[in-house]
Amino acid sequence: MKLGGGLVLTAALPGWPVLAAPTVREFRLTPHANSAAPLAGPPHGLTKVWSYDGSVPGPEIRLKQGERLKVVVENRLAVDTTIHWHGIRTPFRMDGVSHLTQKPIAPGGRFVYEFDVPDAGTYWYHPHERGFEQVARGLSGALIVEEPEPVKVDRDITWVLDDWRLKRDAQIDGNFDNRMDMSHGGRLGNTVTVNGRVLESFPVRAGERVRLRLINVANARHFALAFAGHNPKIIALDGQPVTPHEPEEGRIVLGPAMRADLIIDMTGAPEQKFSVTDRFYRRQEYRLLDLVYDKAPPLRANPMDAPIKLARNTMPEPDMKSARRHEIAFAGGMMGRMAGAMLGDQQLDIREMMRRGKMWAVNGVASSGNVMDPMLTLTRGASYILAMDNDTAWHHPIHLHGHSFRVIARDGKPTRHREWRDTVLMAPGEKVDIAFLADNPGDWLFHCHILEHMAGGMVAVIRVV
Ligand code: C2O
Ligand code: CU
């Protein structure tokens, strides 16, 4: 107890530097439509983008676990917007989903987001109003919550991975809600950027240990990154600590909205270079960039031998014995076998759904409009298994708001790491079981993070009361 200082310490829970009055970190984010960025680099000119305060991606927000985040948003766009804090377990009213958790912020309007940040990790923020356009135009940014005792590294680096669809003049293709993208794999672009630039190379130093935070903010592109000549270890997925492990087949897979924290020891020699390639799409492998070693002598002779395991976050463990099970089927899209679904109060066949631009369904319902009845109502404090079935010909990164969940099984087989996530990638035809304890009251979106699929009906609400 510290008396007279205005600061009262409470008994700290393990890993929780709890103060009675947490430090408030205040930021301002001003979305506007009149900036330009050198996305594609010479010989191309600048690309007109929408941005937070002129920067693409938006400014990186950094704070410490247990602190309180306050963000004053002033909307200088000509359209409504909101900000969603992807992966952070906020109170319902701070979740930034337009028409569900708040009225959208009108042009010229202001909204103050303020909430405690319970967990460390790599998160991001983006609008949740016409995301398929606003995110594609450049509105998104990294949100990093530092552990009280971070793992020891020489550099902590963030790569915001994005994918843009640019026309020949390097301007953003304005064809946003077309049926073609919507019914297939979403809006794939033609220009992949790292922190808002097409990068040729990324400088590294021999012997250094880097924590690399990867964030996929693309509307629809998946990545599977391979680091030639290096041996990255995954230490966190979607911000949540995981048993440190090497990626399967040496590829770090990131569907839209997904994140991975890597530890990479730069074991190459001065002046060497190694490529980082993206191998997600068959026969469309490309070099993302090269890791280029500078001339400096190695920082150390052998890789640093500090531990790389992160302390656990504060997620309550689901009780698997009492967990109630719900089946959730995702269907629709091109080359699928869905015959039809409910849209509004009508049962429509798939051709009519396609015509109306709603061709995806969750448990037989394609969402329309903004206000949605819950698909499931869960009891606060109880544990649940969502047994999900991707009955479509496409990959879907499925995201739950307000909670993180454990990925417990894939096609009936227990997963190796039972990883915590907020977005889980389902391959075509795959079944994935997730488990969580419903502890955050509110109406939470549950949707595919391919933003065109979401616009095409692949979204539902899960209520926790
Ligand atoms: Cu990244 Cu519903 O959001
Ligand atoms: Cu999808």
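Residues numbered from 1 in each chain as written. Chains lettered and ligands numbered in written order. Predicted model: local features only at pLDDT ≥ 70, side-chain atom pairs only at ≥ 80, totals over all residues. Heavy atoms only, no water.

*Asks:* What's the story with the domain arrangement of the chain in this structure? I'm lost.
*Replies:* Where the parts come together, the accessible area they lose is often given as the size of the interface. When its domains are assigned, the chain resolves into domain 1 (2–146), domain 2 (155–293) and domain 3 (324–464). Of note, the centres of domain 1 and domain 3, computed from C-alpha atoms alone, are 25 Å apart. Listed by partner, the interface residues are 17 residues for domain 1 and 22 residues for domain 3. When domain 1 packs against domain 3, close to 1,500 Å² is buried across both sides, 62% of that on carbon and sulfur atoms. Across the contact surface, domain 1 and domain 3 share 1 salt bridge. As a salt-bridge pair, R89 and D439 come within 3.8 Å of each other at their nearest N and O atoms. Elements that contribute at least two residues to the side of domain 1 that touches domain 3 include exactly β6 (84–86), β8 (121–126) and α1 (131–134). Grouping the constituent residues of the side of domain 1 that touches domain 3 by class yields 7 nonpolar, 8 polar and 2 charged. (Domains from an automatic or database assignment. Contact = heavy atoms within 4.5 Å. Buried area = accessible area lost by both parts, 1.4 Å probe. Salt bridge = Lys/Arg side-chain N within 4 Å of Asp/Glu carboxyl O. Helix = DSSP H or I, 4+ residues; strand = E, 2+ residues; numbered from the N terminus. Nonpolar A, V, L, I, M, F, W, Y, C, P; charged D, E, K, R; others polar.)

*Asks:* Looking at this model, I keep getting lost on the coordination of the copper ion (ligand 2). Mind explaining?
*Replies:* Six octahedral donors around a metal ideally make angles of 90 or 180 degrees; four tetrahedral donors ideally make 109.5 degrees. Within the protein, the copper ion (ligand 2) binds to H396 (ND1), C448 (SG) and H453 (ND1); these donor distances fall in the range 2.0 to 2.1 Å. Each donor residue of the copper ion (ligand 2) belongs to the same chain, with the gaps between them written as H-x51-C-x4-H. For the residue pair C448 and H453, the accessibility class agrees, reading buried in each case. (Donors = N, O, S within 2.8 Å, 3.2 Å for Na, K, Ca; no water. Buried < 20%, exposed > 50% of the residue type's maximum accessible area, 1.4 Å probe, protein only.)

*Asks:* I would appreciate a short explanation of the pattern of salt bridges in the present structure.
*Replies:* Two side chains with opposite charge may pair up if their charged atoms get near one another. By the definition in use, this model includes 38 salt bridges. Between E26 and K70 there is a salt bridge, with its nearest N and O atoms 3.8 Å apart. Separated by 44 residues along the polypeptide, E26 in strand β1 (residues 24–29) and K70 in strand β5 (residues 68–74) bring together distant segments of the chain. Owing to a relative accessible area of 46%, E26 belongs among the partly exposed residues under this scheme. A relative accessible area of 23% means that K70 is categorised as partly exposed. The salt bridge partner of R421 is D238, with a shortest N-O separation of 2.8 Å. Residue R421 is located in strand β31 (residues 420–421), and its partner D238 is located in the loop between β15 (233–237) and β16 (240–245); the two are separated by 183 residues in the primary sequence. Judged on exposure class, the residue R421 and its partner D238 are both buried. One salt-bridge network, held together by shared partners, links E60, R62, K64, E146, E147, D156, R211, R213 and D261.

*Asks:* In this structure, what is going on with the sheet that holds β8? I would like to understand it.
*Replies:* Strand pairing in a sheet relies on backbone hydrogen bonds. The paired strands run either parallel or antiparallel. Strand order in the open sheet formed by 4 strands is β4-β9-β8-β6, with mixed pairing between adjacent strands. Sheet topology places β4 (58–64) and β6 at the edges, where each strand pairs with a single neighbour. Within the sheet, the average angular offset between the axes of one strand and its neighbour, ignoring direction, is 25°. By the bridge criterion, 3 bridges tie β6 to β8 in an arrangement that is antiparallel. Each bridged residue has a counterpart across the sheet, and for H86 the counterpart in β8 is W124. (Pairing = 2+ DSSP bridges. Axes fitted to C-alpha atoms, helices over the stretch in contact; angles between N-to-C directions.)

*Asks:* Is there a simple way to think about the packing of aromatic side chains in this case?
*Replies:* Within a pair of aromatic rings, the relevant descriptors are the distance that separates the centres and the angle that separates the planes. By the definition in use, this model includes 12 aromatic pairs. Taken together, a centroid distance of 6.3 Å and an interplanar angle of 20° make the contact between W159 and F227 stacked. A residue pair is termed long-range when its members are at least 10 positions apart, and W159 in strand β10 (residues 155–164) and F227 in strand β14 (residues 223–227) qualify at 68 residues. On the basis of relative accessible area, F227 is assigned to the buried category, the value being 5%. Where F280 meets Y281, the ring centres are 4.9 Å apart and the plane angle is 75°; that geometry is what we call edge-to-face. By way of ring pairs, the aromatic residues Y52, W85, F111, Y113, F115 and Y125 are connected into one cluster. (Phe/Tyr/Trp six-rings, centres within 6.5 Å; stacked < 30°, edge-to-face > 60°.)

*Asks:* So what exactly am I meant to see when it comes to unusual backbone geometry here?
*Replies:* The phi torsion of most residues other than glycine is negative, and most of the peptide bonds are trans. Note that the residue after P42, namely P43, is joined by a cis bond; omega there is 5°. Looking at the element boundaries, P43 is found in the loop between β2 (31–37) and β3 (47–52). A cis amide bond links V56 with the next residue in sequence, P57, at an omega value of -5°. Of note in the backbone geometry, A257 takes a positive phi value of approximately 80° without being a glycine. Assignment of secondary structure puts A257 in the loop between β17 (252–254) and β18 (259–265).

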